[in-house]
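Here's the letter readout for the chains.
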Amino acid sequence: MIKTLSRSVRQFKASSVATASLSVLEVVFEIVVPLAMSRLIDYGVYAGSMGQVWKYGLLLLLLASMQLTTGVLAAKLGAKASVGLAANLRQDMYDQVQSFAFSNIDKFSTASLVTRLTTDVSNVQNAYQMLLRMAVRAPFMMVFAMIASFSINRQISLIFVVAIPFLALGLGLIIRSVMPVFKQVFADYDGLNKVVQENVRGIRVVKSFNQESFEIKKFENMSAKIFQGFAKGERLIALNMPMMQFFMYSCMLLVSWLGARAIIASGNNEALGLTTGQLTALFSYSMQILISLMMLSMVFAMIMIASSSAERIVEILNEKSD
């Protein structure tokens, strides 16, 4: 499936690679910012040295500017690549449909072909953009933030090692529950399009036999079925946010408690334990680690929605004309 879809990237391969590369650079700058902030607090604010405050303050300004620049460029190129993929997919599918015999068209149905050319392609477009940005940013951010936090204090950083498997297990259960729901929803889309097409095509017959109320009821039933399916899927995905917040604030509380004890024990001496600036950096890295997991969960949710659409698109592209 991936091989078939990747053939439609074509002239947008360079934009896709550039988006991923810029996203990694953006993560690097984002990881270095808390380290510079900790130095500003320890060597500037805490030590009362305005020279160090200016030095690290300007460094922070430079890092923030570089992060902003790489982020904007990555977003722009990512949007261009995803929209380009969608345009190529629509064109490839349309060209393929033109070669179909009547038996091939009957196999998929006109309603299904319309859904695949519109809704399914839009879902793949959104998923591709998230893959180029979030799916690249999140793993690198989590790994770099873990390395940086362990370089500051190994004992406190073990909190993240314990929390991540439980969080991953919860996300896995949500994903497993949501997948069948969205697959059924996109099958129902075909039925909705079929109802509309039948009504439009036979509008004279419908009005002649005064069957408007029957057609309205049929449409309402199909629309309600899609509404219920999406509502069920979104309810399951919504469990992701409270679960993430629970683990996020639990980790922050543990980092605060253990970090404060370490600072008191060391007297804000870096050589003996932990400083105020390092604790501030640990707070930032804890947020980055957990936010990266939240980003991954959003990517998985979008992939779940788009996987069914991608399979339906590939069926068209791989279909041999009779």
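Computed from a prediction, not measured in an experiment: that's the story for all the values here. (Residues numbered from 1 in each chain as written. Predicted model: local features only at pLDDT ≥ 70, side-chain atom pairs only at ≥ 80, totals over all residues. Heavy atoms only, no water.)

A. Spotlight on the nonpolar core. By size, the foremost hydrophobic cluster in this structure holds 48 residues, and its most contacted members are Leu167, Val255, Leu274, Tyr285, Ile289 and Leu293. Those elements that place two or more of their residues in this core are α2 (13–45), α5 (110–152), α6 (154–201), α9 (240–266) and α10 (276–318). In terms of residues, this core owes the most to one element, α10, which gives 16 residues. Residue contacts for Ile289: discarding those within four places in its chain leaves Met142, Ala145, Met146, Ser149, Phe160 and Ile164. The next biggest cluster of nonpolar side chains, apart from the first, holds 22 residues, and it includes Phe12, Leu117, Val314 and Ile316. (Core = buried A, V, L, I, M, F, W, Y, C linked by side-chain atoms within 4.5 Å. Buried < 20%, exposed > 50% of the residue type's maximum accessible area, 1.4 Å probe, protein only. Helix = DSSP H or I, 4+ residues; strand = E, 2+ residues; numbered from the N terminus. Contact = heavy atoms within 4.5 Å.)

B. Expanded view of the packing of aromatic side chains. What the rule picks out here adds up to three aromatic pairs. Between Phe100 and Phe108, the ring centres sit 6.0 Å apart and the planes meet at 15°, which makes this aromatic pair stacked. We note that Phe100, like Phe108, is buried. (Phe/Tyr/Trp six-rings, centres within 6.5 Å; stacked < 30°, edge-to-face > 60°.)

C. Inspection of a nonpolar patch on the surface at higher detail. A contiguous nonpolar patch, built from Met50, Trp54, Leu58 and Leu61 and spanning about 500 Å² of accessible area, is present on the exposed surface. Turning to its location among the elements, Leu61 is positioned in helix α3 (residues 50–98). Classification of Leu61 as exposed rests on a relative accessible area of 55%. (Patch = residues over 30% accessible without salt bridge, like charges linked within 9 Å, V, L, I, M, F, W, Y side chains within 5 Å. Areas by Shrake-Rupley, 256 points an atom, 1.4 Å probe, with all protein chains shown as cover. Salt bridge = Lys/Arg side-chain N within 4 Å of Asp/Glu carboxyl O.)

D. Representation of the side chain of Ser23 in the model. Among the secondary structure elements, Ser23 is positioned in helix α2. At 2.8 Å, the side chain of Ser23 forms a polar contact with the backbone oxygen of Thr19. The contact partners of Ser23, leaving out residues within four places of it in the chain, are Ala74, Leu132, Arg133, Val136 and Arg137. (Polar contact = N/O pair within 3.5 Å; in protein donor to acceptor, adjacent residues only side chain to side chain.)

E. View of the pattern of salt bridges. Applying the stated rule across the entire model yields 10 salt bridges. With a shortest N-O distance of 3.2 Å, Glu30 and Arg137 are connected by a salt bridge. Here Glu30, found in helix α2, pairs with Arg137, found in helix α5; they are 107 residues apart in sequence, far enough to count as distant. For Glu30, a relative accessible area of 16% translates into the label buried. Given a relative accessible area of 10%, Arg137 falls into the buried group.

F. Looking closely at the environment of Phe182. Considering the arrangement of structural elements, one finds Phe182 in helix α6. Once you skip the residues sitting within four places of it in the chain, Phe182 turns out to touch Phe230, Gly233, Glu234, Ile237, Met304, Ile305 and Ser308.

G. Main features of α10. Under the 1.5 Å per step criterion, the end-to-end length of α10 is 60 Å for 43 residues, consistent within 8% with the ideal 63 Å. The sharpest bend along α10 measures roughly 30° and falls at Ala306. Taken across its 43 residues, α10 has 31 buried, putting it largely inside the fold. (Expected span 1.5 Å × (residues − 1). Bend = angle between axes of the 7 residues up to and from the residue.)

H. Looking closely at the side chain of Asp188. Examined against the element boundaries, Asp188 turns out to sit in helix α6. Its relative accessible area of 6% is what places Asp188 among the buried residues. If we ignore the near neighbours within four places in the chain, the residues touching Asp188 are Met222, Lys225 and Ile226.

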